[in-house]
Amino acid sequence: MKLPIRLAWRYAWVRRSKSLTHLISGISMFVIAAVTTAMIAILSAFNGIEAVVTELFGTLDAPLAVVPASGSELPAAAGEWIEATFGIDSDQPIVSAVAPVIEEEAVVSWAGNQPQVCAILAFDSTLLSATPIASSVRSGKWNSTWSQSPACLVLGLGVKNILGLNSVNNEDEKPSLLLRAPIPGKKLTRYKEKAFQSQRAFACDVFSVNAEIDRKYILAPISFARELFSKDSTVSRYELGLAPGTSETVAAEAIRRKLLADDLDWAVRTRSEKNKLITQTNRAEKWATFVILSFILVVAAFNVMASLTMMLLDKRQDMEVLNAMGLSGWRLEQVFALQGVMINTIGGGIGTITGILLVLGQQHYGWVKLHGSVIPSYPVALETMDVLGTLTIVVIIGGIGSGWMVRNLVHRFV
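Residues numbered from 1 in each chain as written. Predicted model: local features only at pLDDT ≥ 70, side-chain atom pairs only at ≥ 80, totals over all residues. Heavy atoms only, no water.

Novice: Lay out the overall build of the protein in plain terms, naming residues and giving numbers.
Specialist: A count of helices and strands for the protein gives 13 helices and eleven strands. When each of the 414 residues of the protein is scored for burial, the buried share is 44%. Pairs at least 24 apart in sequence give 77% of the contacts found in the protein among residues at least 6 apart. Carbon and sulfur atoms make up 59% of the accessible area of the protein, which totals about 21,400 Å². (Helix = DSSP H or I, 4+ residues; strand = E, 2+ residues; numbered from the N terminus. Buried < 20%, exposed > 50% of the residue type's maximum accessible area, 1.4 Å probe, protein only. Contact = heavy atoms within 4.5 Å. Areas by Shrake-Rupley, 256 points an atom, 1.4 Å probe, with all protein chains shown as cover.)

In structure tokens form, the structure reads like this:
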């Protein structure tokens, strides 16, 4: 007569002796829970860092941009084509805003100070509806004289400091800047100073995104940039705002297919592709950390194996009784392997709940502060796949280790 597994496991459980086995089992469960909690918390921290980096470097960028596949310019007709093909009134309304952008370098000087080379990012008011640029302005409001003459510029905080400006936000006295850009077709060696197009503009406000962008960019009206860079009918790219509910990936794929079908020499660039190096580096660090913590989990699994070894030594007589009652082979192994799986599962479950609570607590209460940083507390972001992946690794490693250990010890004892 074969003894049912449920009754055999209950027999082994009730008959267990109170010894060092229980202490080792508790310690093993605690270690598994601690490692699981650490894995969820650390992976969530990497997610938070990636979200912050994307936000900081994406302040000046819309979700999508149509850029030239070759060269550095797009015709003005490209904007009309995008609007007609993917605009709100088109058959495939996935784009809510089409903003022309000119991005070129110019030499900027002020009051005879040392000239500096800066990147001029010029656009019209359309871009404000597709990007959070206005929120980065120090004064808290976008300048209403954006289209005045002379032009009104918004300087990056780093550019302002490099130029030595102190009264940018002074309504009564705004610094007048001289911007110069090379005229296409004129060589410096031949034309000297006449090889440059010069324009004057006021420094009206300051924006701040991050140190790298702040030291590089000056925001300008697109009408000013057309005169400075002699771009009457071309732009550097078109930034696209997406219609509500439209996925960035889906929209990018739809536009790529249409560009290919119409044989246009343009390309689509997503916000994440522009910051591809930063995103890939962060994700590589995240998964390298995940692998390292998985190895730590393997070490922690040895505690479970030690607990099972102590339990089997403690229950050697019970195993002989169960064997005599007709429980043998893999069915006997299953009785004791189940306890190893339970240790890993319960420990992993406790660790998962603890990790989730820690991450949610950091999100809502900001327990870990970042003093003097652009963000008040350490960023975290919980992702379902990270939680499920961690719990899967815990159960798999624990299950394989427990099964292997029980199989070898049962074969030795019985």
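Still more ground to cover, so stick around.
Novice: Describe the state of the cysteines, with residues and values.
Specialist: As enumerated under the stated definition, the model contains one disulfide in all. Shown here is the disulfide that connects Cys152 with Cys204, its sulfur atoms set 1.6 Å apart. Separated by 52 residues along the polypeptide, Cys152 in strand E5 (residues 151-156) and Cys204 in strand E7 (residues 196-207) bring together distant segments of the chain. For Cys152, a relative accessible area of 1% gives the class buried. Given a relative accessible area of 4%, Cys204 falls into the buried group. (Disulfide = S-S within 2.5 Å.)

Novice: An account of helix H11 (residues 316-324) is needed here, citing residue identities and associated values.
Specialist: Among the residues of H11, Asp318, Met319 and Leu322 are the ones counted as buried. Along H11, the residues classed as buried sweep out an arc of 100° about the axis, all on the same side. In H11, the exposed positions that point more than 90 degrees away from the buried face belong to Gln317 and Ala324. One or two steps after H11, the chain reaches Gly326, where phi turns positive at roughly 105°. (Arc of directions from axis to C-beta.)

Novice: Please provide a residue-by-residue account of the packing of aromatic side chains, values included.
Specialist: The way to describe two aromatic rings as a pair is by their centre distance and the angle between their planes. This model, assessed by the stated rule, comprises four aromatic pairs. Each ring, one from Trp81 and one from Phe86, has its centre 6.0 Å from the other, and the planes form 75°; the classification is edge-to-face. Considered together, Trp81 and Phe86 belong to a single accessibility category, that of buried residues. Arranged with centres 5.5 Å apart and planes meeting at 80°, the rings of Trp287 and Phe290 form a pair that is edge-to-face. Taken as a pair, Trp287 and Phe290 lie in helix H10 (residues 276-314) at a separation of three residues, close to a single helical turn. One aromatic cluster is present, formed by Trp81, Phe86 and Trp266 through successive ring pairs. Between Arg180 and the ring centre of Phe196, over which it is positioned, the NZ or CZ distance is 5.3 Å. (Phe/Tyr/Trp six-rings, centres within 6.5 Å; stacked < 30°, edge-to-face > 60°. Lys NZ or Arg CZ within 6 Å of the ring centre and 35° of its normal.)

Novice: Can you tell me about the pairing of strand E10 (residues 237-242), naming the residues and giving the values?
Specialist: Among the six residues that make up E10, six are buried, leaving the element largely enclosed by the rest of the structure. On E10, burial covers both faces: Arg237, Glu239 and Gly241 on one face and Tyr238, Leu240 and Leu242 on the other are all buried.

Novice: Which residues make up the nonpolar core, and what values go with them?
Specialist: In this structure, Leu153, Leu155, Leu177, Leu179, Leu240 and Ile255 are the most contacted members of the largest nonpolar core, which totals 45 residues. When near neighbours in sequence (up to four residues on either side) are disregarded, Leu153 contacts Leu177, Leu179, Ala201, Phe202, Ala203, Cys204, Asp205, Ile218, Leu219, Ala220, Pro221 and Phe224. Grouped together as the second largest cluster of nonpolar side chains are 27 residues, Leu43, Phe290, Ala300 and Val406 included. (Core = buried A, V, L, I, M, F, W, Y, C linked by side-chain atoms within 4.5 Å.)

Novice: Tell me about empty space enclosed by the protein, and please be specific about residues and values.
Specialist: Rolled over the atoms, a probe with the dimensions of a water molecule shows which regions are left empty. Evaluation of the coordinates by the stated rule reveals one cavity of 30 Å³ or more. As a volume, the largest cavity reaches approximately 40 Å³. Contributing elements (two or more residues each) for the lining of the largest cavity: strand E1 (64-68), strand E11 (266-270) and helix H9 (271-274). Taken together, the residues of the lining of the largest cavity sort by class into four nonpolar, one polar and five charged. (1 Å grid on protein atoms, 1.4 Å probe; cavity = no way out; pocket = protein on both sides within 12 Å on 5 of 7 lines; lining within 4 Å. Points joined across faces, edges and corners; volume = space filled by probe spheres on them. Nonpolar A, V, L, I, M, F, W, Y, C, P; charged D, E, K, R; others polar.)

Novice: Go over the side chain of Ser236, please, and point to the residues and values.
Specialist: Mapping Ser236 onto the fold places it in the loop between strand E9 (234-235) and E10. Those residues in contact with Ser236 that sit more than four places away from it in its chain are Pro68, Ser72, Leu74, Val101, Ile102, Glu103 and Glu104.

Novice: Break down helix H3 (residues 77-86) for me, with residues and values.
Specialist: Taken residue by residue, H3 has Ala78, Gly79, Trp81, Ile82, Thr85 and Phe86 as its buried positions. Down the axis, H3 shows its buried residues gathered within 160° of arc, on one side only. Of the exposed residues in H3, the ones pointing more than 90 degrees away from its buried face are Glu80 and Ala84. Buried residues belonging to H3 abut E1, strand E2 (74-75), strand E3 (95-109), E10, helix H8 (248-261) and E11.

Novice: Before we move on, could you go through the pattern of salt bridges and cite the residues and values that matter?
Specialist: One pass over the structure, following the stated rule, counts eleven salt bridges. Across the pair Arg283 and Glu50 runs a salt bridge whose closest N-O atoms are separated by 2.9 Å. You can see Arg283 sitting in helix H10 and its partner Glu50 sitting in helix H2 (residues 20-57), a full 233 residues away along the chain. Notably, a salt bridge pairs Glu239 with Arg237, separated by 2.6 Å at the nearest N-O pair. You'll find Glu239 and Arg237 in the same group, each marked buried. (Salt bridge = Lys/Arg side-chain N within 4 Å of Asp/Glu carboxyl O.)

All we've got here are geometric facts, nothing functional implied.
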